[in-house]
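# Chains, contacts and geometry: an overview
Residues per chain are reported as follows:
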Amino acid sequence: AASSMWGGRFAGGPAAIMQRINASIDFDKRLYAQDIRGSKAHCRMLVKQGILTQADGDAILAGLDTVLAEIEAGSFPFSMALEDIHMNVESRLAELIGEAAGRLHTARSRNDQVATDFRLWVRDALDGMEKALQGLQAALIARAGEHAGTVMPGFTHLQAAQPVTMGHHLMAYVEMIGRDRGRLTDARARLNESPLGSAALAGTSFPIDRHFTAEQLGFDRPMNNSLDGVSDRDFALEFMAAAAICAVHLSRLAEELVIWTSAQFRFVKLSDAFTTGSSIMPQKRNPDAAELIRAKTGRVIGDLNALLIVMKGLPLAYSKDMQDDKEPVFEVADTMELAIAAMTGMIADMTVNTEVLAAAAGAGFTTATDIADWCVRELKMPFRRAHHVAGSLVKLAEDKGCDLQDLSLAEMQGIEAGITEQARAVLAVDSSVASRTSFGGTAPANVRAQVAAAKSRWL
Ligand code: ARG
């Protein structure tokens, strides 16, 4: 049989395969709360404007509450024949309250309805993700405070470069996550306009009040253009773009955890709660959660791409292609929720091997820059020449198979006569990090100040 919702001009019903390709109820049922909230705002507006009678309006509002309760209780009979969440809700409303239900869709289309529902859903997802990221920052900041003075090697090209502190390294991620939160907040401000009342695409001849429905739904204002209202999904793209960038940050941290927990590094140890064993190799403690965060970042990037590609060829206004906007967004929201929570747990629980880190911090001549800097400061040497002196010291140590600190004063003076005992002191990793007091530098005092500032800025 033809659909009771739009079947007026249809004699027959859809083919089974048509129903399957067309139906979105399996996934868009997740919009039920937003759909009912939007319908209630629309209904109140219709009553206020005298488009619906108070009695019909009251019946609709009460009926929608019943539908909501049924869905939440798990007793709602979802039907694929009714395509999507909007028609499932409306059809059940008709069963519950009769003819008045058919008046709810006055001055509205599923096109502005779905755009409204989806904006409300994405807004909640943005808020949830931002809150979760705050929790991750809290974990990172707490660990950074504990390890403000813990030296470790800093890397470029994954080659030992200069000593830094673990606190400084973790605070770098606090900054990245802070920008991720900023992108979500920015996206939220642009998202927060109401498409409701755009109707199918052209607006409506009924005397609706779009400012009223916008306010009822917590939007800042109605969208200016009804064609735009029903046909753009940039709010969903922005959410996924912000999520994809954030996922890349999480993936880099995850990659570092994978490296740091290896037997070759042993910088940190993850807790039992966030690792798995091997069924054959008893010594294994695998960083699965970190690996999966790294992997799932691919999905998030893929989902962003999927919707960009769906949208790029669509003429205005609504096309059914846009029904395919939801699954990528749901997957991104679910994936990010999991990834952020797992990362927060790993960071909060990890053990930092301070002794291993201290030994590694000095390995690979990481304080060679410090002796060059000393030559510049104390001997007034041009940096390029000082670099050469330090390079010669490294070569000598390398040839002898020792560290820079193990060279004797006489050996060092053989390369540069001006070198004194005081110069040898700058080769210690602790003095190296303590000296890097420039703004944003790794000195423990800086890191402690950053931790305090980040607490008041972000937590
Ligand atoms: N299920 C549809 C979607 O998610 C709702 C809008 C349908 N509109 C239409 N004109 N067929 O996009």
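Residues numbered from 1 in each chain as written. Predicted model: local features only at pLDDT ≥ 70, side-chain atom pairs only at ≥ 80, totals over all residues. Heavy atoms only, no water.

Next up on the list: the environment of T297. As for its position among the elements, T297 is in helix α11 (residues 288-311). The sequence separation of T297 and F235 amounts to 62 residues, and the corresponding C-alpha distance is 20 Å. Among residues more than four places away in sequence, those in contact with T297 are A247, V248 and S251. (Helix = DSSP H or I, 4+ residues; strand = E, 2+ residues; numbered from the N terminus. Contact = heavy atoms within 4.5 Å.)

With respect to the secondary-structure elements, S39 resides in helix α3 (residues 32-48). Setting aside residues no more than four positions away along its own chain, S39 makes contact with L64, L104, R108 and Q113.

Before going further, it helps to examine a nonpolar patch on the surface. Taken together, the side chains of I17, M18 and I21 define a hydrophobic patch exposed on the protein surface, amounting to about 330 Å² of accessible area. Mapped onto the elements of the fold, M18 is located in helix α1 (residues 16-22). (Patch = residues over 30% accessible without salt bridge, like charges linked within 9 Å, V, L, I, M, F, W, Y side chains within 5 Å. Areas by Shrake-Rupley, 256 points an atom, 1.4 Å probe, with all protein chains shown as cover. Salt bridge = Lys/Arg side-chain N within 4 Å of Asp/Glu carboxyl O.)

Once that is clear, we can look at the site of the ligand. Taken together, S24, D84, H86, R110, N111, V114, Y318, Q323 and K326 are the residues near the ligand. A distance of 2.5 Å separates an oxygen atom of the ligand from a polar atom in the side chain of Y318. Between K326 and the ligand, the recorded distance is 2.5 Å, taken from a side-chain N or O atom to an oxygen atom. Starting from 340 Å² of accessible surface for the ligand in isolation, the protein chains cover 86%. The dominant element in the shell around the ligand, judged by the number of residues it contributes, is helix α6 (residues 110-146), at 3 residues. When the residues that make up the shell around the ligand are grouped by side-chain class, the tally is 2 nonpolar, 4 polar and 3 charged. (Near = heavy atom within 4 Å. Polar contact = N/O pair within 3.5 Å; in protein donor to acceptor, adjacent residues only side chain to side chain. Nonpolar A, V, L, I, M, F, W, Y, C, P; charged D, E, K, R; others polar.)

Those residues of helix α13 (residues 354-362) not exposed but buried are V356, L357 and A361. Projected onto a plane normal to the axis of α13, the buried residues spread over an arc of 135° and lie on a single side. For α13, the exposed residues set more than 90 degrees away from the buried face come down to E355 and A359. Contact partners of the buried residues in α13: β1 (151-156), β2 (159-165), α7 (166-191), β6 (351-352) and α18 (429-435). Just downstream of α13 lies G364, where phi reads positive at about 85°. (Buried < 20%, exposed > 50% of the residue type's maximum accessible area, 1.4 Å probe, protein only. Arc of directions from axis to C-beta.)

This part is about the UniProt feature "domain: Fumarate lyase N-terminal" (unreviewed entry) in the chain. Look at the UniProt record and you will see "domain: Fumarate lyase N-terminal" (unreviewed entry) annotated at residues 8-302. Along residues 8-302, the helical share is 61% and the strand share 6%, with 40 Å between the first and last C-alpha atoms. (UniProt positions renumbered as here; feature names shortened; annotations may be inferred.)

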